[in-house]
Every structure is written in C-alpha cells, then in structure tokens.
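If you want the building blocks of each chain, they are given just below.
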Amino acid sequence: MNLQEVLTFQVKNAVKSIYDIELELVEFQSTRKEFSGDITLVIFPMLRFIKGNPVQIGESIGNYLLEHVKEVIGFNVVKGFLNIEISDHYYIQFFNEIVNNDSFGFVIPKPETKAVIVEYSSPNTNKPLHLGHIRNNLLGYSVAEILKASGTPVYKTQIINDRGIHICKSMLAWQRFGNNETPERTGLKGDKLVGNYYVKFDQEYKKEIEVLVAEGQSKDEAKKNAPILLEAQKMLQQWEAGDKDVVALWKTMNSWVYRGFEETYKNLGVDFDSYYYESQTYLLGKEFVAEGLKKGVFFKKEDGSVWCDLTEDGLDEKIVLRADGTAVYMTQDIGTAIQRIKDHPDAGGMVYTVGNEQDYHFKVLFLILKKLGFEWAKNLYHLSYGMVDLPSGKMKSREGTVVDADDLINEMTTTAKEISEELGKLDGYTETEKEELYRMIGLGALKYYILKVDPKKRILFDPKESIDFQGNTGPFIQYTYARIQSILRKADFDYNQVLNAEDIKLHEKEKELLKQIQLFPEIIQHAAQEHSPALIANYTYDLVKEFNSFYQNVSILGADTQIDKIFRVQLSLTVATIIKNGFSVLGIQVPERM
RNA sequence: GGCUUCAUAGUUCAAGGGAUAGAACAAAAGUUUCCUAAACUUUAGAUCCAGGUUCGAGUCCUGGUGGAGCUACCA
C-alpha cells in the first residue's frame, strides 16, 4: 500500500468512528509549497455527507490520523484543507525499498494482460517525411513505450500507403524526365528523389492545364483532361491489372522510398514490429463488407455502392464500397483492423496515431467495427494529435514551406555542436564520441520540444526561432543527468548500502525530492491511461528542477557525515534512474557527460 | 450552412471542479576561490467576452467573438 492508499483507508476509518458515516471518495492533493505539510486532504467534498464546519471536521480527522497512523506526525487546517505532515521515517523507508531498482516505475506485464497494437507513422510513399510526421512518429513510439512501461505488451506497426494515383504520378514523371536517375547515381536519399518527381509531375500538370485553358477549356475541364493526368490514371489501371513493367517500376521506386524512410526512422530512433502495406490489404475489407451486408449492418444503393447508415448514432451515411466494387479508405481500414487482430491473437485493442483531421473517420471506423460485432472494437483508441503549424499556417509542399525531417534533425545536431564547442567541456572525448553526443542532445531538444506538449493540442513551430537548449528543454534534463553521473564517478566510497532510517534527518530539499520521486510510478500509469507522453515530460522536468535546487543548496560529496554523504549520493542516483527511465519512454537518450 | 475542436503573461507551454493560476524563453538584477553556470536565486507580467450551475469555475453548461479542422464513390 502506498501512502495515499493508507491515508484513504484511515480517513474513512476516522469518518466512520467520529461521524458514523461511510465515506466513498477521499480526495487528496500535494500540499502547496506555501503551506506546511506534505499531503493535503480536501474537506469540502465531504460536506455533502457530513454536516458541519469544514475546519472542525478537518481538526477532528487530523487528530484521529495523528493518533492512529504512525506515518502522520502533524497537521494543520486552513479553510477546508487538512495539511498532513508525514514523518521522515516513512519517506526514507520508502526510499530504501527502491534505491537500487533500475527499473523503478516500470511494471512487468502479467501473463493475462492483453496486448495492444500501436499504429503510427503510416506515411505516403511519394513524399519525404516532414515535421508533421516527426510528431506522429515520436508520439506513437512514445505511447507504445509508455504502455509497455505500464505493464501492457505492445506491438508497434504501421500501414504503408503504397498504392494509388499519387504513386503513379511520381512514377510517370520519373519515366519522362528522370534520365534513369537512381539514389546511387545522384547520391540523393530515395524518398527525396521520388519526392522530387512528385513535385515535377505537379509542375507539368499545371503547365498542361494552362495550355488547355488557353485553348478554350474551362479550368475544371482542363484539370480532368490534362494528358499527363490521364496517363497517370491509365498507369494506375495497368498497375491494378498487374502489368509487368509498371509493377516492376513501382517496386523499384517504392524500394528507394523505403530505404530513405528507414534511414530517417533510424535517425529518429523509432522502430516497428511489423509492417502492413495497403497494396496487400486493400482487398481484405471487401469480404467483411459482404458479411456486413448479409447481417444488415450495411445496405446497397441502386448504383451498387455499399453504405453504412449511422444516422441513429448522430453521424451520417458512410460509403464502404464503391459502385464499381473497388475499395475505399474505409474498406481497407476495416480489413486491416481485422487482419491485425488475426495476426496477433493475444492483442485485445489498438491505438491509431493519426492527426485530428481524421477524427470523424475513426469515429465511423470504430462504430462500424462495433456494429460488425467484434469484441475488441470497444478497445480501439484514436490517438488524435494536433497539427504542427508554422507561423504562416499549414505546411505546404508546393509553397516550399515544409520543414523536412532529415534537415531538421541535422540542424538540431549542428546547434548542439555549436553550443557544446563554445562551452568546451568535452576534453578527452574522441570525435566519434562527440558527434554521438551532439546527435543525442540535438535530438533530445527536438523530441522533448514536441512531446512536452499535450498531444491533442496543435503545435506552433517557428523555424526562425530555433528550439531552445535552456530552461524547460531536453538538454536541461540531460545536463542534470550528466551532472549526477559526474558525482557518481567522483564518489570514491561504497554508497551501495542500506541506511538506517533512524540515522537520517531529512533536509527540506531532500524531503521535497523524495515526495517527487514517489510520484513516478503513478505518473507512468496515468500517462498510459491518457496516452500522453507530455505527462512524463512535465513530471521529469519538475523532478529535475527540484534536484537542481537541492544540488545548488546542499553539498552532496561535501556532506558533514558519511551517512549523509551516502544518502545524498543514493538520492542523486535515484533521480538519475528516473530521468533515464522517464526519458527512455520518450525515446530520448541520456549522456554521461555534456 | 451543419458538426468537431481550440482560446491562459510579450512568446511557447502547465494546472485530475479546490487554496493566492505554475514554468520556461524574452526583459531587469544577483550568484563561480565550492560536486559541470546548458545551472541556481530575485523582480515584473496572464485565464477572449457575457450570463449560468456550484460552498468553490481556467476547468462544467448556454450565448457571443476569433482561429483551426471535418463536411469526397482521395487516402
């Protein structure tokens, strides 16, 4: 039982014995810094059940706790708040239990716990990854790691949108203007090369439209009749018909893109357990549409298209199969979901990391899967995140305002390098070690910057104002970790021993730290429930803030007694462990020096 | 038009219906014979507007204003 559980139990006892009332909910919060005490019981909500003056009730409960609970050594009541003071002994006892636990805060999954499939990334294969994808990847990866840490097995996966007219556009432009360029020959990353031809197509397309308009066609007509577009459409048909040459080119160009993506994923530090390709799954949904039609979940219109009527659920009608029998986005998503659960029989739910512009789509998808009667459909979660906007608004590839993922990673690394060289603290590091460190810090800044924001909220990113390396940032937290490592290197005595709680009198800063440390396991659970890496980021920041204050105010290696010295080193070590663990679920590494 | 969503210091972010709304950056001032100053300590500064529910509202409800998104037989 942790402290709050003990107190909850005892507060109920108190109310029962004083007022003879069974209390259901007991509400605690951390005591605000300006009041004395460690944890606060809020009396107000009890007033509905207990009639009386909140201050008197607080006094009564406080006295009961003081008498019956050994951890409680004092209290005061301010208005409706009972501030409870907890003994040093309790905190030290707690600390002794966790001091050498490298995986503090993490929970090992129980055998019966169902796995969750986390989908993220899921890019189109016609454009390089940009800042928006970075947010998606970091969020998906982190939420997957947080779920794991909270005791839920996870499969990371993605669906690669490798089929459709957009791919054909790149292919066609490459055929026409590519001069047999390859990533090898140009030295360009494959995704960049293919992306360039996608842009090239668009340029040519626009030119042709202008010509047609000059010849007297309306703009809408011209858009439909441009020869290059017609040819792309023809190519798509050839692809669907399995035309050898088209399929071969499609395979080649896709493989370039995949190699490019792999590089970016590697740089970003994200990974996947499995990949699904739309080209392989787009037919899957159809049989379930047929089944749904039989069950009456769907209905057919005169033209042969199949729909789902969701008007009773407050939504509208949604198409699930085209009149010509081909699959739409929804068809494929139905199929993919079912396939994934088939492939992972131990999984009981899924998390989809997709931008909030698709909120409606996922509402509909989940509802349809429920209507189709799948047991796991109630455990689907749309991890809906806000867009990353520039000061000028949305990123637009045509206007060249896209922040490229690879470029951004490189810029961050360069900035880290500049700052680091200026500070000049890396004597003795080899060039390779230095480069590694710059990358770690640059990425740390980028990842933290993105993950500390509530996923649901949109992020405003100003490329002109580079991401900070000071204050509430990744490097600030990494720096604290490095400082602690330095202390551990210098501690030339055996600090690996269990101290007797009676021998220690806690410094105010030490107590504050212990209170913060104690919260970590709950934070992990809460973050998992909320699917929010931001909670971990903000918690870690608060912890580090607290530690730095301690560090500045209290001498660790210069403590008066050997016991204090050992205790403070252990305390520092534990803070370092939490930073490392917290950051690991954010996908951020921590350095030995910086 | 309909639906969804957001609005907090100059700026970027916090705040499970609970106390005097926290940080960081930027601004002003201070701390290095002492464990890494990417740090620490001060100062100044904010809940879009109008109602309502509540002992208590940044948080819940209604209306308004402003921004974003969705409203495709695209994905």
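Here the structure is a predicted model, which means the values were calculated and not measured.

**Quick look at the overall build of chain A**
No. 1: Across its full length, chain A holds 20 helices and 14 strands.
No. 2: Dimensions of chain A along its principal axes, counting C-alpha atoms only, are 90 × 65 × 45 Å.
No. 3: Within chain A, the fraction of its 594 residues that count as buried is 40%.

**Thoughts on the protein's contact with RNA strand B**
No. 1: Lining the immediate environment of RNA strand B, one finds 71 residues, of which F44, R322, D454, G471 and Y479 sit closest.
No. 2: Contributing elements (two or more residues each) for the surface near RNA strand B: β1 (28-30), β2 (39-42), β4 (81-86), α14 (359-371), α15 (405-423), β14 (459-460), α17 (474-490) and α19 (533-553).
No. 3: Here the surface near RNA strand B gets eight residues from one element, more than from any other, and that element is α17.
No. 4: The residue makeup of the surface near RNA strand B, split by class, is 31 nonpolar, 22 polar and 18 charged.

**Brief notes about the packing of helix α18 (residues 508-530) against α19**
No. 1: With their axes 9 Å apart at the nearest point, α18 and α19 run at an angle of 170° to one another. Relative to α19, α18 is oriented roughly antiparallel. Counting all contacts with α18, which are made through K509, E510, E512, L513, Q516, L519, I523, H526, A527 and E530, the residues of α19 involved are P533, L535, I536, Y539, D542, L543, E546, F547, S549, F550 and N553.
No. 2: Of the residues in the contact of α18 with α19, the class split is 11 nonpolar, four polar and six charged.

**Regarding unusual backbone geometry**
No. 1: Notably, N180 is not glycine yet its phi reads approximately 60°, a positive angle.
No. 2: Note that N180 resides in the loop between α5 (165-177) and α6 (183-186).
No. 3: For H531, which is not glycine, the phi dihedral falls at a positive 50°.
No. 4: Tracing the chain through its elements places H531 in the loop between α18 and α19.
No. 5: The class for H531 is buried, based on 22 C-beta atoms found within 10 Å.

**Points about the nonpolar core**
No. 1: Within the largest apolar cluster, 146 residues are counted, with the highest numbers of intra-cluster contacts made by I146, M171, V575 and I579.
No. 2: If you tally residues by element for this core, the top one is helix α20 (residues 562-586), at 11 residues.
No. 3: If we skip the residues at most four places from it in the chain, M171 touches M235, L249, W250 and M253.

**Quick look at helix α2 (residues 54-68)**
Since the α-helix advances by 3.6 residues per turn, residues separated by three or four positions end up pointing in the same direction.
No. 1: In this model α2 runs 21 Å from its N-terminal to its C-terminal C-alpha over 15 residues, within 8% of the 21 Å that 1.5 Å per residue would give.
No. 2: Among the residues of α2, those classed as buried are I57, G58, I61, G62 and L65. One side of α2 holds all its buried residues, which, seen down the axis, span an arc of 130°. Opposite its buried face, α2 presents the exposed residues Q56 and E67, each directed more than 90 degrees away.

**Regarding the sheet that holds strand β8 (residues 298-300)**
No. 1: Spatially, the three strands line up as an open sheet ordered β8-β9-β10, and their pairing is antiparallel. The open sheet has two edge strands, β8 and β10 (317-321), and neither has a second partner. Strand-to-strand twist in this sheet, taken as the mean axis angle between neighbours without regard to direction, amounts to 40°.
No. 2: The pairing of β8 with strand β9 (residues 306-309) spans three bridges and is antiparallel. In the strand pairing of β9, K300 is matched with V306.
No. 3: In the packing of helix α12 (residues 284-295) onto the sheet, contacts are made with β8, β9 and β10, and the angle to β8 comes to roughly 90°.

**What to know about the pairing of strand β3 (residues 72-78)**
No. 1: As defined by bridge partners, β3 adjoins β4 across six bridges and the pair is classed as antiparallel. Counterpart to V77 in the pairing with β4 is L82.
No. 2: In textbook terms, the turn of a hairpin is the stretch between consecutive antiparallel strands, and for β3 and β4 this stretch comprises two residues, one of which, K79, has a positive phi near 50°.

**Observations regarding helix α4 (residues 131-149)**
No. 1: In this model, α4 (19 residues) spans 27 Å end to end at C-alpha, consistent with the 27 Å of a helix rising 1.5 Å per residue.
No. 2: Of all 19 residues in α4, 19 are buried; the element is thus mostly enclosed.

**Examining the sheet that holds strand β11 (residues 347-355)**
No. 1: Judged by pairing direction, the sheet is parallel, and its five strands sit side by side in the order β7-β6-β5-β11-β12 without closing on themselves. Two strands close off the open sheet at either side, each with one partner strand: β7 (274-277) and β12 (380-385). Strand-to-strand twist of the sheet, defined as the mean angle between neighbouring strand axes without regard to direction, takes the value 25°.
No. 2: Bridge count for β11 against β12 is six bridges, and the pairing is parallel. Its bridge partner lying in β12, V354 is registered against S384.
No. 3: Lying over the sheet, helix α13 (residues 329-343) contacts β5 (115-119), β6 (154-160), β7 and β11, oriented at roughly 140° with respect to β11.
No. 4: Its contacts with the sheet put α14 on β11 and β12, and the angle it makes with β12 is roughly 180°.

Conventions and cut-offs
- Residues numbered from 1 in each chain as written.
- Chains lettered and ligands numbered in written order.
- Predicted model: local features only at pLDDT ≥ 70, side-chain atom pairs only at ≥ 80, totals over all residues.
- Helix = DSSP H or I, 4+ residues; strand = E, 2+ residues; numbered from the N terminus.
- Buried ≥ 20, exposed ≤ 12 C-beta atoms within 10 Å, placed from the backbone.
- Near = placed C-beta within 6 Å.
- Nonpolar A, V, L, I, M, F, W, Y, C, P; charged D, E, K, R; others polar.
- Axes fitted to C-alpha atoms, helices over the stretch in contact; angles between N-to-C directions.
- Parallel < 35°, antiparallel > 145°, perpendicular 65-115°, else oblique.
- Contact = placed C-beta atoms within 7 Å.
- Core = buried A, V, L, I, M, F, W, Y, C linked by C-beta atoms within 7 Å.
- Expected span 1.5 Å × (residues − 1).
- Arc of directions from axis to C-beta.
- Pairing = 2+ DSSP bridges.

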